[in-house]
Amino acid sequence: MTAPVYLDPTRPVAERVEAILALMSDEQKLACLNGVPETVLADGFTLPAHSNAFNEVLHSSGKKPDATFFPQAIGLGATWDTELMEAVGAAVAHEVRARDTDVFASFGPVADIRSNPLAGRFEEGFGEDPLHVGAMTTAYAWGLRGRHPVYVKTFTQMKHFLGYNHEWHRSQSSSSMGARAYHEYQVVPYRMPVEAGAVMGAMTAYNNVNGVPSIISPIMDTLREEWVDDREFFFLPDGWDGVNLHTTKGQPWDTWEVDPRGDVPYPTALAAEEGRAIDADENGVYASALMLLAGVSHFADGSELPFLPNAAEAVRRGVLGVNMSHVDRTVRDWLRFLLRTGKLDGDACEYNLVPADPHPQDRPEHIALAHQAAREQFVLLKNERTALPLPDTASLAVVGPLAGINLRDFYSPTVPADRRPAPLEALRDRFGTVTHHSGNDTVAWQADGKYLTVAADGALRATADQAGGTETFEVWDWAHDQHMFRHNATGKFVQANLLKRDDGPATFENQAGASGGGGPILEAVTTEMEDGDAWFTHQNLHYRRLGDGNVELFGVNHVSAEADGPYRPRLADDGSLPLAKGDEGLLLTETLVEDGPAAAAAVAAEADWAVVLVGNHPMVNARECFDRPGLDLAPRQADLVRAVAAAKPGRTIVVVVSAYPLAIGDIAADPNVAAILYTSHAGQALAPALAEALAGDFSPAGRLTSTWLADTSSLPKAGPRAEAFRVSDIDMLEYDVISAGLTYQYSKAEPVFAFGHGLSYTEFTYGALEVPAEAEADTPFTAAVNVTNTGERTSDEVVLLFAAIAESAYGDRVPARRLAGFTRAKDIAPGETRRVEIPVDPRHLFVWDVVSGKRIVETGDYRFTAGLAGPQAEVRIEGEAIAALDLSETANVWEKATIAEGLTYWEVSKLHTLKREGGYHSTGSRRPGSHVGFTKAVLDGATEIHLRTATTTADWTDLADPVIEVRAGSADGPLLAEVEVPKTAGFQSFTDVSAPLANAEGVQDLYLVFRTGGIYIDTIRLAR
């Protein structure tokens, strides 16, 4: 008997999917929106259950104890090694298959680009360049997926699609970007792995993009129609993203527009455009209908909302036009998922042959790979007078708060401490004599005349008359007032007992109430510093020395945003420190028992060399839900470096262990600091790899994938809305890298360390850069350069290739240089000359042509440079020209604008977004002088300008002079018209306005200049 088509592994997946679909009833299909339940098909075959069981694979095979602990993504990015990335992905996927035998999905890779260094989850991205991020993401995804043309090792679901590079109010806020930044920069790292076939699905981002929720964005259609074959792609919401569609997506929430009503469900706002009101139950039905229309594949977001019955109801009633064809699309996604994982095909799928193994992290090749990755990600930032490497016989003073710990971030595996040794341990093993001091201060505190100690039950109590050994605490400075405290006598960390622990697993039910029968208090009950898989951290408190001998503590688990203020301690009759919310609390009188930097400097003075380990705690200040308040290294850590370097001038090595760029200009310029070595929180092999790097067993050769700025002055400034203890002066929602001058491509700031910076223990010279004199835009070519190791040590060399067009239609609004390719040349020996070839695809040098609405490579002369300042050569690339822009037909301003200053963007109309007809975004002014412009606009014969405009009703702007000036050539060029803008009921209440044009002539840039903030434009037309 012939097997059914759908059980034949030789038949195309699409054919098999359709064969299964034909055997399913509508009721069975509707049950498959959240996975495939065990289903009896019409022919009697039982389809096995299949869910989106997943592991987080950011830099391990899950948040599990039995997983290899690779470096953070920002560290992996610094390797610039795509072969390594694919190998890491393959190891991770093997562990998922072997350990969790019914798990087939991988949440990753993360394709989010890091355009702002303050982003809370900075370490989850590979860097700030779209080509680099796209290449590393693609390589990692191939490892996770496997190279089989049909089957997948794990079903790769990249994160977070798209424009996700901020945390504060992430579920309510909107990433703002113009068309060029959207297409040329933000979209690129997501598009590359999808077009390559390495990524099978995507988790949509929490945020809106220009006011449109990512979970129902039209770009989902673009991906399916233009980036993949057969429209095959799997979309799933991020955690609680479906909830957010029910609550906070309907109205703006950012630094420029805050709706005073608070949460407004997107369906409510949609219905309001239709002139109707709907209740909460109807909101749910509409939300599921919106998800069906958008092509969401997975109707679950971790909440308990009834997405499936709501979707069935939406289909039954035809809400928003949904029908069973929309359901079929989602079911096809699930059936492709099931088939590609080989669940129906037994041994025909090679990945089903991976043997079960509960401890795959013990594989020697995985251990070796983690070690290689840790080695390759080191970046040597400074090395004066060849201070590094150090002789094995040197005596070292190893100091600093990062010396004795090896911290995990939220997506690290939960490996125990014995599998992730601290740097101090490895350095003691490698070097002859090692002394140590944490560099942390030791203090004693008094309340009402009594010294604080730790009672037998773990509670902090002010009961001691004198400060002895049991009344002192070590202070860990993690920057921006965030500190941790360890009781010296017991080694236990101070924390708030805000987690309820009397009902089984710890929960957060009692944040504002009691804990296990009593009010929340400060206690010290664990010797483990909180890190890793901990959503709530209760060991970090704001701590301020007030200058009068007093200190204040407040704000457990970062700082509460509620109006009643953060937690602050009080003094109880029994001497304990209960916590209550409010703006005033107990001030403690502090005695500095030991000055940490001074003590560490004294230790360093007795050694041959000082190694100072400083950096960040990956769960403090920057993490999910919290962006980093600033770029600064912790003040006491900076004091530590300064003191130790002064005590050991020219023999101080600073090791920066960090998840993100730090403003360390003072340290870099300090002549007493001989060398600076950067590493991410590099996983289980951090410590031995660091010891080997310092000893010279290998030469560090990584390069920075993000710019290390001196300060935040070049970052975009926030609007009139700001909140204390968060990023109060930087606009984290500005994603238009072109207008905001973000990243090395557009920033004019002088960095401390540039994108691509990295030294080694040897010297390399580059020969002439070899490129073809001419090339076609759609034909890849090879650039080559001879690289000679003129030093005395073998080293890798990361060769970067940058390109810049001599003259663009967009003038200076193109990158001064942009990455065109890269490769990591391995093990170049002293005296060796290696010919290094770099593949170049000119299509990566595209700009977005607003006239044709597509990516094009401009015809022109391109200057290529090997390295940051190496040999150069020119290539004439034959591509396309950007034509003059004819605005005689009504056009959406966002789609046609190429010039921007001080703008924000928002959804024109929810009903229009549903139509999927383009023109989704309006262009708004943030302040007087904001302007939007059009390159090479045809002005000849234009007699009148027609605009659709609206105004905000928010209180942050003054609409006393709501005028749009029409100017030619520049923002202060000749005035062609003044358009009076009527005030409207809101910035989605557009009305038609017009004004006569005077002296409009020729083809030149056209500017619309706003005299005030809060004016929005939908469309433009020049009448003739």
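What counts and how
- Residues numbered from 1 in each chain as written.
- Predicted model: local features only at pLDDT ≥ 70, side-chain atom pairs only at ≥ 80, totals over all residues.
- Heavy atoms only, no water.
- pLDDT = per-residue confidence, 0-100.
- Contact = heavy atoms within 4.5 Å.
- Pairing = 2+ DSSP bridges.
- Helix = DSSP H or I, 4+ residues; strand = E, 2+ residues; numbered from the N terminus.
- Axes fitted to C-alpha atoms, helices over the stretch in contact; angles between N-to-C directions.
- Buried < 20%, exposed > 50% of the residue type's maximum accessible area, 1.4 Å probe, protein only.
- Salt bridge = Lys/Arg side-chain N within 4 Å of Asp/Glu carboxyl O.
- Phe/Tyr/Trp six-rings, centres within 6.5 Å; stacked < 30°, edge-to-face > 60°.
- Lys NZ or Arg CZ within 6 Å of the ring centre and 35° of its normal.

## What to know about the confidence of the model for the protein
Confidence in the prediction of the protein, expressed as mean pLDDT, is 94, and 95% of residues score 70 or more. Considering only residues more than four positions removed or in separate chains, one finds that residues 503-517, a stretch of pLDDT under 50, has 32 contacts.

## Description of the sheet that holds strand 31 (residues 781-789)
Read across the open sheet, the three strands follow the order 29-31-34; overall the sheet is antiparallel. For this open sheet the edge positions go to strand 29 (764-770) and strand 34 (833-840), each flanked by a neighbour on one side alone. Averaged over all pairs of adjacent strands, the angle between strand axes in this sheet comes to 25°, irrespective of strand direction.

## A short note on the environment of Ala49
With respect to the secondary-structure elements, Ala49 resides in the loop between strand 2 (46-47) and strand 3 (54-56). Ala49 gets classed as partly exposed once you look at its relative accessible area, which sits at 41%. Along the chain, Ala49 and Thr39 lie ten residues apart, while their C-alpha atoms are 7.3 Å from each other. Setting aside residues no more than four positions away along its own chain, Ala49 makes contact with Val36, Pro37, Glu38 and Lys343.

## Focus: the pattern of salt bridges
Where charged atoms of side chains with opposite charge meet at close range, the side chains can pair. In total, this model carries 69 salt bridges according to the counting rule given. Residue Glu15 pairs with Arg11 through a salt bridge whose shortest N-O separation is 2.5 Å. With relative accessibility at 33%, the residue Arg11 sits in the partly exposed group. Residue Arg316 is joined to Glu313 by a salt bridge in which the shortest nitrogen-to-oxygen separation is 2.5 Å. Highlighted residues: Arg316 and Glu313, both in helix 12 (residues 307-317), separated by three residues, approximately one helical turn. Exposure remark for Glu313: the relative accessible area of 24% places this residue in the partly exposed category.

## Side note on the sheet that holds strand 45 (residues 963-968)
Taken in spatial order, the five strands of this open sheet run 40-43-48-45-46, and their pairing is antiparallel. Each edge of the open sheet is held by one strand with a lone partner, namely strand 40 (899-901) and strand 46 (975-980). Strand after strand, the sheet turns through a mean of 20° between neighbouring axes, direction not considered. Note: strand 40 against strand 43 (residues 931-938), three bridges, orientation antiparallel. Along strand 43, the bridge assignment pairs Ala900 with Val932.

## Structural notes on the pairing of strand 46
Pairing geometry for strand 45 and strand 46, over five bridges, is antiparallel. If you follow Val963 over to strand 46, its bridge partner there is Glu980. Hairpin connection between strand 45 and strand 46: a loop of six residues separates the two successive antiparallel strands, and Gly969 in this loop has a positive phi of roughly 85°.

## Section: the packing of aromatic side chains
Counting across every chain of the model gives 33 aromatic pairs. Between Phe378 and Phe698, the aromatic rings sit 6.3 Å apart at their centres with planes inclined by 45°, giving tilted as the arrangement. With a gap of 320 residues between them, Phe378 in the loop between helix 14 (364-376) and strand 11 (379-383) and Phe698 in the loop between helix 19 (686-695) and helix 20 (737-740) connect regions that are remote in the sequence. Put simply, the rings of Trp80, Tyr744, Phe755, Phe802 and Phe822 pair up and form one aromatic cluster. Here the basic side chain of Lys63 rests over the ring of Phe410, its NZ or CZ set 3.6 Å away from the ring centre. Between the NZ or CZ atom of Arg568 and the centre of the ring of Phe554, over which it lies, the distance is 4.5 Å.

## Here we look at the environment of Phe1010
Along the polypeptide, Phe1010 turns up in strand 48 (residues 1003-1010). Overall, Phe1010 belongs to the buried group, its relative accessible area being 1%. Separated by 172 residues in sequence, Phe1010 and Ile838 place their C-alpha atoms 46 Å apart.

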